[in-house]
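Secondary and tertiary structure notes
Chain by chain, the residues run as shown.
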Amino acid sequence: MLTPLLTYLIQIIKLQQQFILILLTQLANIYSHSKAPHFDGPTYHRFNQFKADEKLPLLQAPIQLDYRKLMVTYLEQYGRPLQPINRRKPFDYPRVSCPRCQAPSDYLYANGGGQHNIVLCKICHYSFNPAEHFTKTMVLRCPDCHHKLSLFKQRVKYKVWRCPNLNCSYRLAALAKLTAAQKKLYQQMPSQFKVRYTYREFNFDIHALAKASPSQARVDLKRIQASPQVLGTILTYYVNYGLSAAKTAALMYDIHQVKISKQTVLNYAEAVGKHLRPFLDDYPYQLSTNLVGDETYLRVKGKWHYLFYFYDATRKIILADYVTSQRTTESACIAIYEVLKRYQQIPDNLKFTVDDNPIYRVARLHYAQNEGIDFNLNIVKGLTNETEVAKEYRPAKQTIERLNRSFKLNYRPMGGFHSTTGSVTYVTLYSACHNFLMPHQSLAHQVPVPIPEVLATNRMPDKWLNLIQVAEKQLPTA
């Protein structure tokens, strides 16, 4: 039998355990939303289940027929005319005609095939939904068995079409690859396996989703209190050397005896970033056809955001630097659009080298289907060259991995950004520095895009000022 003292001690220990559990929960919550960079990047487990097929579906326009000719053929074949439908109750769609042969409503059956709101034409035997037939202009078919695709899921921005044919060669081949244990699991949970051809049809307008023009900055560069040399020095410390705004402000005072606040550094950076953004987007780069893309991570307000980079692996030029809070196909399409719009004419041998993230495959299908733009997609997966494509294009993939590491080396001391505007500003400044100011060893220590007016001086602060002046000359006048 426990003594009162021992019972009291046990209760204290239990209370301490509960208190420790509460503290651990709060610490985990603080760590997950901290601006400090983590050693490992976040993983989105749904991407492990998301599979994308590389084949486009077959598009087939409905065959247009003439009901008059079909009635003549019926008369010649059976020796009697085809009679209208003798109805027992009024027809619900008296003004609807067959979208395939234009037969009037007198020859349309209600509830054709036993389905709700389905009408069947007596002349051409075509079934359709009267409420939706006017929007149906093309039929999607499986590229393997040519069976008509059925609508599997419908989301806000896309539809998922799937081949319903049980004897489709794609499905039979996928089932044959399953092991005995997987086949047993497939019988219990078939939704865990992708064995049917699937196609995603997106309904967003890529041109409307493209990055808009930058808004007006809080600080006007023409009215700042600091001298141009101070501005150029701040940009050199903040961007070229990857110092935080606080350290930049401290360095300006400790070395140059210029008293400036951390917020002023951020305001100046934002003003220059929005000043250079149109110049960075509209500059007429001389591009190759060897492009590479990847995404990396940023911390914005304590949460993960994604930076989509697309890069000319031959000329070492950053072509797209899209910051978003979501790693989706829509984000990949926007980043690719930022690249494609730089070409006056899309080259026939244009190729993108990316990793095995399926959003790039779906983005390629979107452009081929909706924009009429086709490009090669070279998949480099993992760390070993399992395919000849990976062996050939891994050097290109390593160039953008090096770009990601260089950016993170600059960005990491900041520990994250307090706003989305701050992240976009820094990414813009880094891209401008990379393309126009930073020499590269692989280019014989030359900058990727040499502009004589910018490179007329050796001091980096002066180069920043020259770049700002060149960008201002190319700004459209009001």
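Here's what I pulled together on the structure shown here. In this text the structure is predicted, and so the values were computed from the model without any measurement.

**Some points on helix α3 (residues 67-78)**
- Between its first and last C-alpha, α3 extends 16 Å over twelve residues, near the 16 Å set by a 1.5 Å rise per residue.
- Taking the backbone nitrogen of R68 as reference, a side-chain oxygen 3.1 Å away marks D66 as the first, capping residue of α3.
- Backbone geometry just after α3 places G79 at a positive phi near 75 degrees.

**Some details on the state of the cysteines**
- One pass over the full model with this rule turns up zero disulfides.
- Between C142, a free cysteine, and C168, which holds the nearest cysteine sulfur, the sulfur-to-sulfur gap is 3.7 Å.
- On the accessibility criterion, C142 (0% relative accessible area) is buried.

**Here we look at the packing of aromatic side chains**
- For the structure shown, the criterion picks out 22 aromatic pairs.
- Its end group placed over the ring of W304, R299 keeps NZ or CZ at 4.6 Å from the ring centre.

**Comments concerning the side chain of D281**
- Position of D281 relative to the elements: it lies in helix α9 (residues 262-282).
- With relative accessibility at 14%, the residue D281 sits in the buried group.
- A polar atom in the side chain of D281 sits 2.8 Å from the side chain of R277.

**A look at a nonpolar patch on the surface**
- Residues L5, L6, Y8, L9 and I10 make up a contiguous nonpolar surface patch of about 470 Å² in total accessible area.
- Note that Y8 resides in helix α1 (residues 4-32).
- We classify Y8 as partly exposed; its relative accessible area is 49%.

**Structural notes on the sheet that holds strand β6 (residues 150-154)**
- Spatially, three strands are ordered β6-β7-β8 in an open sheet, and the strand pairing comes out antiparallel. Since the sheet does not close on itself, it has two edges, and those belong to β6 and β8 (198-202), each with one partner. Put simply, the sheet's adjacent strands are angled 30 degrees from each other on average, direction ignored.
- Inspection of the sheet shows strand β7 (residues 158-162) paired to β8 by five bridges, in the antiparallel sense. Within β8, the residue paired with W161 across the bridge is Y199.

**Focus: helix α7 (residues 228-240)**
- Across its 13 residues, α7 extends 17 Å between first and last C-alpha, which sits within 8% of the 18 Å expected from 1.5 Å per residue.
- Within α7, eleven of the 13 residues are buried, which leaves it mostly tucked inside the rest of the structure.
- Considered for burial, the residues of α7 that qualify are V230, L231, G232, T233, I234, L235, T236, Y237, Y238, V239 and N240.
- On its buried face, α7 sits against α8 (245-256), α9, α12 (388-411), α13 (420-436) and α14 (460-473).

**Observations concerning the sheet that holds strand β2 (residues 108-109)**
- Strands sit in the order β2-β3-β4 across an open sheet of three strands; the sheet is antiparallel. Strands with a single pairing partner mark the edges of an open sheet, and in this sheet they are β2 and β4 (127-128).
- The sheet contact formed by β2 and strand β3 (residues 119-121) spans two bridges and is antiparallel. Following the sheet pairing, Y109 is matched in β3 by L120.

**Some details on unusual backbone geometry**
- Residues other than glycine seldom take positive phi values, yet K301 does so here, at roughly 50 degrees.
- Inspection of the secondary structure puts K301 in the loop between β9 (290-300) and β10 (303-312).
- Not every positive phi belongs to a glycine, and K316 is a case in point at roughly 60 degrees.
- Here K316 is to be found in the loop between β10 and β11 (317-324).

**What about the pairing of strand β13 (residues 376-379)?**
- Sheet analysis places strand β12 (residues 351-354) next to β13, joined by four bridges and oriented parallel. Of the residues in β13, the one forming a bridge with V354 is I379.
- As for the winding sense of the linkage, the β-α-β connection from β12 through helix α11 (residues 358-371) to β13 is right-handed.

**So, the packing of α12 against α13**
- Contact geometry of α12 with α13 gives a least axis separation of 12 Å together with a crossing angle of 125 degrees. Considering their axes alone, α12 and α13 lie oblique with respect to each other. Taken as a pair, α12 and α13 cross one another with a handedness that is right-handed. The segment α12 lies against α13, with L403, S406, F407, N410 and Y411 engaging Y426, V427, Y430 and H434.
- Class assignment of the residues belonging to the contact of α12 with α13 gives a composition of six nonpolar, three polar and no charged.

**Focus: the pairing of β6**
- Relative to β7, β6 runs antiparallel, the two sharing four bridges. Within β7, the position partnered with L151 by the bridge is W161.

**Overview of the pattern of salt bridges**
- A full pass over the atoms with the stated rule returns 13 salt bridges.
- Among the salt bridges present, the one from R277 reaches D321, with a minimum N-O distance of 3.1 Å. Of the two residues, R277 sits in helix α9 while D321 sits in strand β11, which places them 44 residues apart along the sequence. Of the two residues, R277 and D321, neither departs from the other in class, the shared state being buried.
- Here D281 and R342 are joined by a salt bridge, their closest N and O atoms 3.9 Å apart. Of the two residues, D281 is situated in helix α9 and R342 in the loop between α10 (329-340) and β12; the sequence distance between them amounts to 61 residues.
- Through salt bridges with shared partners, a single network forms among R277, D281, D321 and R342.

Conventions used here
Residues numbered from 1 in each chain as written. Predicted model: local features only at pLDDT ≥ 70, side-chain atom pairs only at ≥ 80, totals over all residues. Heavy atoms only, no water. Helix = DSSP H or I, 4+ residues; strand = E, 2+ residues; numbered from the N terminus. Expected span 1.5 Å × (residues − 1). Polar contact = N/O pair within 3.5 Å; in protein donor to acceptor, adjacent residues only side chain to side chain. Disulfide = S-S within 2.5 Å. Buried < 20%, exposed > 50% of the residue type's maximum accessible area, 1.4 Å probe, protein only. Phe/Tyr/Trp six-rings, centres within 6.5 Å; stacked < 30°, edge-to-face > 60°. Lys NZ or Arg CZ within 6 Å of the ring centre and 35° of its normal. Patch = residues over 30% accessible without salt bridge, like charges linked within 9 Å, V, L, I, M, F, W, Y side chains within 5 Å. Areas by Shrake-Rupley, 256 points an atom, 1.4 Å probe, with all protein chains shown as cover. Salt bridge = Lys/Arg side-chain N within 4 Å of Asp/Glu carboxyl O. Pairing = 2+ DSSP bridges. Axes fitted to C-alpha atoms, helices over the stretch in contact; angles between N-to-C directions. Contact = heavy atoms within 4.5 Å. Right-handed = clockwise from strand over helix to strand, strands pointing away. Parallel < 35°, antiparallel > 145°, perpendicular 65-115°, else oblique. Left-handed = near helix turned anticlockwise from the far one by under 90°. Nonpolar A, V, L, I, M, F, W, Y, C, P; charged D, E, K, R; others polar.

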